[in-house]
Amino acid sequence: MNTNRNEVLTVEERFVFPEDLKKRAGAIRITEDGKSFFTPVVVFGPDGKTPLSVGGGQSVYSDEYFTGSANTTKVFSKQAVGFGISNTGNNPLTVTIGSNVIEVDSAEGFEQSFKPFTTVMVTASGKFRAYGIFGDIPPVVNPPDTTPPVNVTLLTSVPGERNVQLSWVASTSQDTVAYEVYNGNVLVQSVTVTSLNIQGLLAATAYTFTVKAKDNAGNISSGVSVTATTLNASQPPDTTAPTSVTNLTGAPTETSVLLSWTASVSNDVAAYEVYRGSTLLAAVTTTTFSVTNLTAATGYTFMVKAKDASGNISTGTSVNVTTLSNTLPPDTTAPAEVTNLAAANHTETSLTLSWSASVSLDVASYDIYKDSVFLINVTGTTYNVTGLSADTQYSFSVRAKDLSGNVANGVSVTARTKATVIETGHVEDASLIYYANNPVNDSAITTPNKYFNGTEQFTLVLTAQVMGEYINLLSRQQEANSNSRVRLRIDGGYQLDTTFFGRNTSTSVDSYITIAKSTNTAISNDRFYHIVYVRDASHLSLYIDNVLKGQVACGSNINFDSSGVKGLTIGGKNGSNQTAVTKNAAYYNRALTAAERTRNFNALK
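Criteria and cut-off values
Numbers given for residues are sequential positions, taken from 1 along each chain in its written order. Local features in this predicted model are restricted to residues whose pLDDT is 70 or higher, and side-chain atom pairs enter the listing and the counts only when it is 80 or higher, whereas totals over whole chains, interfaces and linings include all residues. The basis for every side-chain value is the complete set of heavy atoms in the structure, and neither hydrogens nor water enter the calculation. Numbering of helices and strands runs from the N terminus, with a helix taken as a DSSP run of H or I at least four residues long and a strand as a DSSP run of E at least two residues long. Categorising residues by exposure relies on relative accessible area from a 1.4 Å probe, with only protein chains included: less than 20% of the type maximum marks a residue as buried, more than 50% marks it as exposed, and the intermediate range marks it as partly exposed. Any two residues having at least one pair of non-hydrogen atoms within 4.5 Å are treated as being in contact. Method for areas: the Shrake-Rupley scheme with a 1.4 Å probe, in which residue coverage is limited to the protein chains shown. Strands pair, by our definition, only if DSSP identifies at least two bridges between them. Only C-alpha atoms enter the line fits that serve as axes; for helices the fit covers just the stretch in contact. Angles between N-to-C directions range over 0 to 180 degrees. Stacked, edge-to-face and tilted labels apply to pairs of Phe, Tyr and Trp rings (six-membered ring for Trp) whose centres lie within 6.5 Å, assigned for plane angles under 30 degrees, over 60, and everything in between, in that order. For a Lys NZ or an Arg CZ to count as sitting over a ring, it must be within 6 Å of the ring centre and within 35 degrees of the ring normal. By salt bridge we mean one thing: a side-chain nitrogen of Lys or Arg within 4 Å of a carboxyl oxygen of Asp or Glu. A 1.4 Å probe that fits into a set of points on a 1 Å grid over the protein atoms alone but cannot get out defines a cavity; an open set with protein on both sides within 12 Å along at least five of seven lines defines a pocket, and lining residues are those with an atom within 4 Å of a point. Grid points are joined across faces, edges and corners, and a volume is the space filled by probe spheres set on the points. What makes a nonpolar core is a set of buried Ala, Val, Leu, Ile, Met, Phe, Trp, Tyr and Cys residues whose side-chain atoms join them at distances within 4.5 Å. Taken from the helix axis, the directions to the C-beta atoms give the arc we talk about. Each residue gets one label: Ala, Val, Leu, Ile, Met, Phe, Trp, Tyr, Cys and Pro are nonpolar, Asp, Glu, Lys and Arg are charged, and the others, such as Gly, are polar.

Participant: Sorry if this is basic, but what is going on with the overall build of the protein here?
Facilitator: Along the backbone of the protein there are three helices and 44 strands. Sorting the 605 residues of the protein into buried and exposed places 41% on the buried side. Sequence-distant contacts, at least 24 apart, represent 64% of the contacts inside the protein between residues at least 6 apart. If you sum the accessible surface of the protein, you get close to 30200 Å²; carbon and sulfur atoms cover 50% of it.

Participant: How should the sheet that holds strand S12 (residues 164-169) be read in this particular structure?
Facilitator: Pairing between the strands of a sheet is mediated by backbone hydrogen bonds and can be parallel or antiparallel. Overall, antiparallel pairing links the three strands, which are arranged S11-S12-S15 in an open sheet. Every other strand in the sheet has two partners, leaving strand S11 (153-159) and strand S15 (195-198) as the edge strands with one partner each. In this sheet, adjacent strand axes meet at a mean angle of 15° when their direction is disregarded. Both S11 and S12 contribute to a ladder of five bridges, which runs antiparallel. In the strand pairing of S12, Ser157 is matched with Leu166.

Participant: Just to check I follow, could you spell out the sheet that holds strand S22 (residues 288-291) for this structure?
Facilitator: An order of S18-S19-S22 is seen for the three strands of this open sheet, with the pairing classed as antiparallel. With partners counted over all chains shown, the strands left at the sheet margins are strand S18 (246-252) and S22, one partner each. Averaged over all pairs of adjacent strands, the angle between strand axes in this sheet comes to 15°, irrespective of strand direction. In the sheet, strand S19 (residues 257-262) pairs with S22 via four bridges, with the strands oriented antiparallel. In the strand pairing of S22, Val257 is matched with Val291.

Participant: How should the packing of aromatic side chains be read in this particular structure?
Facilitator: Remark: the centre distance and the inter-plane angle together describe each pair of aromatic rings, the angle taken between the planes. Scanning the entire structure with this criterion turns up 26 aromatic pairs. Between Phe452 and Phe500, the aromatic rings sit 5.5 Å apart at their centres with planes inclined by 55°, giving tilted as the arrangement. Here Phe452, found in the loop between strand S33 (443-445) and strand S34 (458-466), pairs with Phe500, found in strand S37 (residues 496-504); they are 48 residues apart in sequence, far enough to count as distant. Each member of the pair, Phe452 as well as Phe500, is classed as buried. Lying over the aromatic face of Tyr529, Arg527 brings its terminal NZ or CZ to 3.8 Å of the ring centre. A cation over an aromatic ring shows up here: Arg535 above the ring of Phe560, its NZ or CZ 4.6 Å from the ring centre.

Participant: What should I look at first to understand the environment of Ile433 in this one?
Facilitator: The topology assignment puts Ile433 in strand S32 (residues 432-437). The exposure class of Ile433 is partly exposed, given its relative accessible area of 25%. Taking C-alpha positions, Ile433 is 7.8 Å from Ala586, a pair spaced 153 residues apart along the chain.

Participant: Would you mind going over the pattern of salt bridges with me for this structure?
Facilitator: Once their charged atoms are close, side chains differing in charge can pair, the charge on each being opposite to the other. Going through the model one piece at a time under the given rule, you end up with 12 salt bridges. Here Asp429 and Arg590 are joined by a salt bridge, their closest N and O atoms 2.7 Å apart. You can see Asp429 sitting in the loop between strand S31 (411-416) and S32 and its partner Arg590 sitting in the loop between strand S44 (580-588) and helix H3 (594-604), a full 161 residues away along the chain. The class for Asp429 is partly exposed, based on a relative accessible area of 33%. Judged by its relative accessible area of 23%, Arg590 is partly exposed. Its salt-bridge partner being Arg489, residue Asp491 comes within 3.6 Å of it at the nearest N-O pair. Taken as a pair, Asp491 and Arg489 share a single burial class, namely buried.

Participant: Looking at this structure, how should I read the environment of Gly82?
Facilitator: Its place among the elements puts Gly82 in strand S6 (residues 72-87). On the accessibility criterion, Gly82 (1% relative accessible area) is buried. Put simply, Gly82 and Ile97 are 15 residues apart on the chain and 9.9 Å apart in space, counted from C-alpha to C-alpha. Setting aside residues no more than four positions away along its own chain, Gly82 makes contact with Gln112, Ser113, Phe114, Phe117, Gly132 and Ile133.

Participant: Sorry, what's going on with empty space enclosed by the protein here?
Facilitator: One water molecule sets the probe size; rolling that probe over the atoms shows where empty space is left. The final tally for this structure, using the stated rule, is three cavities of 30 Å³ or more. Roughly 60 Å³ of internal volume is contained in the second largest cavity. Lining the second largest cavity we find Tyr434, Ile445, Tyr451, Phe452, Leu460, Leu462, Leu474, Leu568, Ile570, Ala585, Ala586 and Tyr587. The set of elements that each furnish at least two residues to the lining of the second largest cavity consists of S34, strand S43 (568-570) and S44. With three residues, S44 is the largest single contributor of residues to the lining of the second largest cavity.

Participant: Where do I start with the nonpolar core in this structure?
Facilitator: In summary, soluble globular proteins display a tendency toward joint burial of nonpolar side chains. Counting 36 residues, the largest nonpolar core has Phe452, Leu473, Phe500 and Tyr533 as its most contacted members. The element that contributes the greatest number of residues to this core is S34, accounting for five residues. Residues Ala80, Phe110, Val122 and Ala124 belong to the second largest nonpolar core, which totals 19 residues.

Participant: Explain the pairing of strand S9 (residues 109-123) to me, please; I cannot follow it from the model alone.
Facilitator: Strand residues, when the strand is regular, have side chains that alternate between the two faces of the sheet. Alignment of S6 against S9, held across 10 bridges, turns out to be antiparallel. From the neighbouring strand, Ile85 faces S9, where its bridge partner is Phe110.

Participant: Is there a simple way to explain H3 in this structure?
Facilitator: Helical geometry note: an α-helix holds 3.6 residues per turn, so side chains three or four residues apart project in the same direction. Among the residues making up H3, those that are buried are Glu596, Arg597, Asn600, Phe601 and Leu604. The arc enclosing the buried residues of H3, seen along the axis, measures out at 140°, which places them on a common side. Exposed side of H3, more than 90 degrees from the buried face: Ala595 and Asn602 are the residues found there. Those residues of H3 that are buried lie in contact with S32, S34, strand S39 (529-535), strand S40 (539-544) and S44.

Participant: Looking at this model, I keep getting lost on the environment of Phe117. Mind explaining?
Facilitator: Residue placement: Phe117 occurs in strand S9. Its relative accessible area of 7% is what places Phe117 among the buried residues. Placed 36 residues apart in sequence, Phe117 and Val81 show a C-alpha to C-alpha distance of 6.7 Å.

Participant: I would appreciate a short explanation of the layout of surface pockets in the present structure.
Facilitator: Approximately 360 Å³ is the volume found for the largest pocket. Listed by contribution, the elements that provide at least two residues to the lining of the largest pocket are strand S28 (373-378) and strand S29 (382-385). A per-element tally of the lining of the largest pocket places S29 first, with three residues. Partitioned by chemical class, the residues of the lining of the largest pocket number three nonpolar, nine polar and one charged.

Honestly, that's just the spatial picture; any functional story needs more than this.
Take a look at the structure:
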């Protein structure tokens, strides 16, 4: 997969869509220009299940492709509105975008829209391919809040002659921002606290007050009401606390205590306040309360106070309770060993380990060791070991590890990597279209039009010794005249002169492609030299004894013309009848690699 191109691949190029994901995501249409696709009418939200209506298909595109085989954090250069990933590894991976965590199984893919984001974390132990999705998909917007908050509780009133003091326990809804207090159907005041003293009332008059919780979206609860009668001028206020509860007991578990008590005998009790130490936990109207989230084997003091309708509170009744100790001993048992540990797919530098899982139900992962040294912890039952040395024996062990951290003794296997194969002799494959050992000097090569053709890449190999100056190693002339089309010649000073005739198809101008002769290209007449010319996609290069001696630009716009030319001649002689001696010659219709050039140099020098 080409991860550098800025375009959208087809779904098949990204990954094979699992059937359930196709049903969730709908069809994806690729436009003819290959640079954008359209999402379906329904785009799914971050949970992958809730459809978000975004109208017609919106134009988006994928970009900023990346790959990996380990934990990776990707920061996109711009805000993304979606993300896609293909898990080509052997183990599941997870994708984390904000608070969204998605697991993608091996050989499966995932693609989905999200609220705009720039950072994504991929937790993986195998290969994956991923990309961001950008464009004008509207941000994922939560639906409007139309749920009213929970009502207040324990609304009490303490009447005076001209006023009533109201108090209540706050709504448990976290988005509550205020409380609206009504006298009958008339709003008296909106407050943010849990009490209000209503003034300006008539004496000896009954009133009904209602308190409604209000959230930050403007939703208002149904309300809780209380009826209070103001005092007449001769009636004193109630300042007498109710009697305390009796028979307070606590039934403990490891992390909780169930409190129970006998109700106060006062007939105006409105609620019971439950304390842990000096901290108010709750106000209830029943005679039981369960205290949770406690610590095992820990002592606590609880108190219950009765509260009447006038707000008077009793002194309280206390009880000391100790939670139970943990009943289960810690897990110190190692899991069962893995079985069928084997090594396969040996190369010079890698091999694959595989095993059957431990039968213990609480196994969490497997520790892998190489020669008794910890290598990696994995959750699957295969692992590809890399970075090994050729023809070397290793010992590997796999140890099952459970949720409590207990580790099995481990099962071992020995394995040897493959030895490095050293190829000998010169390169012989289908690209070798000419080879001659000790060719006759100044002789013609048959079917000359097969060589140095058009924009074809090639490698020419000559192992030769010259006996004097001004001697051709290889030459080809035009039929109509003696103009050289190819001339590789030892010039004065024993400098190698290189000339190829070509046409620049971009400018339609004929020109000679030359590597300038210099002291860098000089040889002597006392030994054989290994001379190689390579034309690749961009250059014509000269190597003497496997060392680069010259290079010139020669791209696909340079066309070598082999039509209308005389035969191709190997070797030659000068005016003093001094000749070139060629030990071997080879022509490949491709550019050899550096390793292949070295192999030929060792075989043919």
